[in-house]
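Architecture at a glance
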Amino acid sequence: MKVKELYDKVVNGIIISDIELQRNIVYDADKQAMVIDSLYKGIPLPAFYLWQREDGKLEVLDGKQRIEAIKKFKQGNLLYEGKSWKAYAYESDLQQVVDNTELTMIVCSGDEKKKREIFKRINTLGVALSKFEVLNGLYHGEYIEGLNYYFANDANVRKVLPNATVDRGDNKYHLLEYIYYVRNNSVFPKRGELDDYVQQHKDESFNDDVKKIKPYISFIRDVFGDASKIGNVLKFKLAVKYIKDRAIWLQHKDAICKDCNAFIKSEGYKLSPSREDDIEAMIVGIVGNLRVDSKRLFTSDDKAQLLSTQKKNEQGLYKCARCHQHFEADELTIDHIKPWSKGGRTVLSNAQLLCRACNSEKGNKE
Ligand SMILES: [Zn+2]
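Residues numbered from 1 in each chain as written. Predicted model: local features only at pLDDT ≥ 70, side-chain atom pairs only at ≥ 80, totals over all residues.

Considering every residue of the protein chain, the mean pLDDT works out to 86; 92% of them sit at 70 or more. Looking across the protein chain, the model is least confident in helix H16 (residues 267-271), with a mean pLDDT of 76, and most confident in helix H1 (residues 3-11), with 96. (pLDDT = per-residue confidence, 0-100. Helix = DSSP H or I, 4+ residues; strand = E, 2+ residues; numbered from the N terminus.)

Dropping the structure here:
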């Protein structure tokens, strides 16, 4: 199909590009101009996927943004190299070339289920849409609309799971995962399960799930505030597990934030095979008034200082203080000689370099 024919059919409502399956993302002006540039320079555009309806009209399954760009340009709402469509009438062969460019149209037909399946495949195999955009396209309905509304209007969710500037809906997808987690006894969805969940609830209100998720979102915002460096998944797991202790967590929120951030910056954290458990244990300690001084942790600076005093072998490797084998600097951890739990201080004179194996074997022993 030539560009001119496509445009006429869109304007006359024979090709319908604004269908429910299509995403809301809009190309920016540069990307739109690139569509025109491709047409003018003979660079092929990807195929357009259309759906043949029983009434003879065609719905656009893939290609909406390219069609929008063509429409805008021809209607004078987009400039290409600083000039409008009309201006090109007298200046070059651009109008001719663009109008006569052949586009590849793939027309599909079948039942509604097949249409959704094709949409899903185009977007999975073509890597065009984010996971949320696929859900939004496939199962758009009251449920997703409620989710979008909640995201746009609830102050807590906007803080805890902010929308990115270019919103591909990643955090909305995470929120759905958390909802699933709460509803399914603390199990995250496996592949396909979230799709099924959203499909099931497609035409239902989102309000029930707002009620389910709200207490955890506000727990996360109140306890961790804006400063905590703990990842959202862990925050969420902790919220679900400890929401009954909300009051006492709130009392200790400053200490939680401070100690966890110090721990996340420490050497021990980088090499720990059980970071999430370590953080959880640390917080449980804090709220149980077993608060550990954040000075228990050596910093990267401490490690760098200690390394600078060590002798390297010919290969430039450092010796583990326990097994005496040699390792790269980043394979070694900085560790208390006398354990912190037994009164050992966090000072370089009480510090040694251990390989990972020795460190985990040593534990709290001297
Ligand atoms: Zn060792």
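Buried residues dominate strand S8 (residues 351-355), accounting for 4 of its 5 residues. Two elements, strand S7 (residues 332-336) and S8, share 5 bridges in a ladder whose sense is antiparallel. From the neighbouring strand, Ile 334 faces S8, where its bridge partner is Leu 353. (Buried ≥ 20, exposed ≤ 12 C-beta atoms within 10 Å, placed from the backbone. Pairing = 2+ DSSP bridges.)

Now for the environment of Cys 355. Of note, Cys 355 is situated in strand S8. Take Cys 355: there are 23 C-beta atoms within 10 Å of it, and that puts it in the buried class. Remark: the alpha-carbon pair of Cys 355 and Asp 335, spanning 20 residues in sequence, is separated by 9.8 Å. Excluding anything up to four places from it in sequence, Cys 355 contacts Cys 320, Cys 323, Gln 325, Phe 327, Glu 331 and Leu 332. (Contact = placed C-beta atoms within 7 Å.)

Here the focus is unusual backbone geometry. Non-glycine residue Glu 81 carries a positive phi angle of around 50°. Looking at the secondary structure, you find Glu 81 in the loop between helix H3 (64-74) and helix H4 (88-91). One non-glycine residue with positive phi stands out, namely His 324, at about 60°. Counting through the fold element by element, His 324 comes out in the loop between strand S5 (318-319) and strand S6 (326-327).

Our focus in this paragraph is the sheet that holds strand S3 (residues 58-62). A sheet is described by the order of its strands in space; here 4 strands give the open sequence S1-S3-S2-S4, paired in mixed fashion. Looking at the sheet topology across the chains shown, the edges are occupied by strand S1 (15-16) and strand S4 (105-108). The strands that helix H6 (residues 112-125) touches are strand S2 (48-52), S3 and S4; relative to S3, the one it contacts most, it runs at about 30°. (Axes fitted to C-alpha atoms, helices over the stretch in contact; angles between N-to-C directions.)

Here the focus is the packing of helix H10 (residues 170-183) against helix H12 (residues 207-224). The contact between H10 and H12 brings their axes to 10 Å, and the two run at 85°. In this view, H10 runs roughly perpendicular relative to H12, as classed from their interaxial angle. Residues Leu 175, Tyr 178, Ile 179, Val 182 and Arg 183 of H10 touch H12, and the partners they reach there are Asp 209, Lys 212 and Ile 213. Partitioning the contact of H10 with H12 into residue classes produces 5 nonpolar, no polar and 3 charged. (Parallel < 35°, antiparallel > 145°, perpendicular 65-115°, else oblique. Nonpolar A, V, L, I, M, F, W, Y, C, P; charged D, E, K, R; others polar.)

What follows is about the environment of Leu 332. Structurally, the position occupied by Leu 332 is in strand S7. Distance in space between the C-alpha atoms of Leu 332 and Lys 86 is 68 Å, their sequence separation being 246 residues. The residues touching Leu 332, leaving out its near neighbours within four places in the chain, are Tyr 318, Cys 320, Phe 327, Leu 353, Leu 354 and Cys 355.

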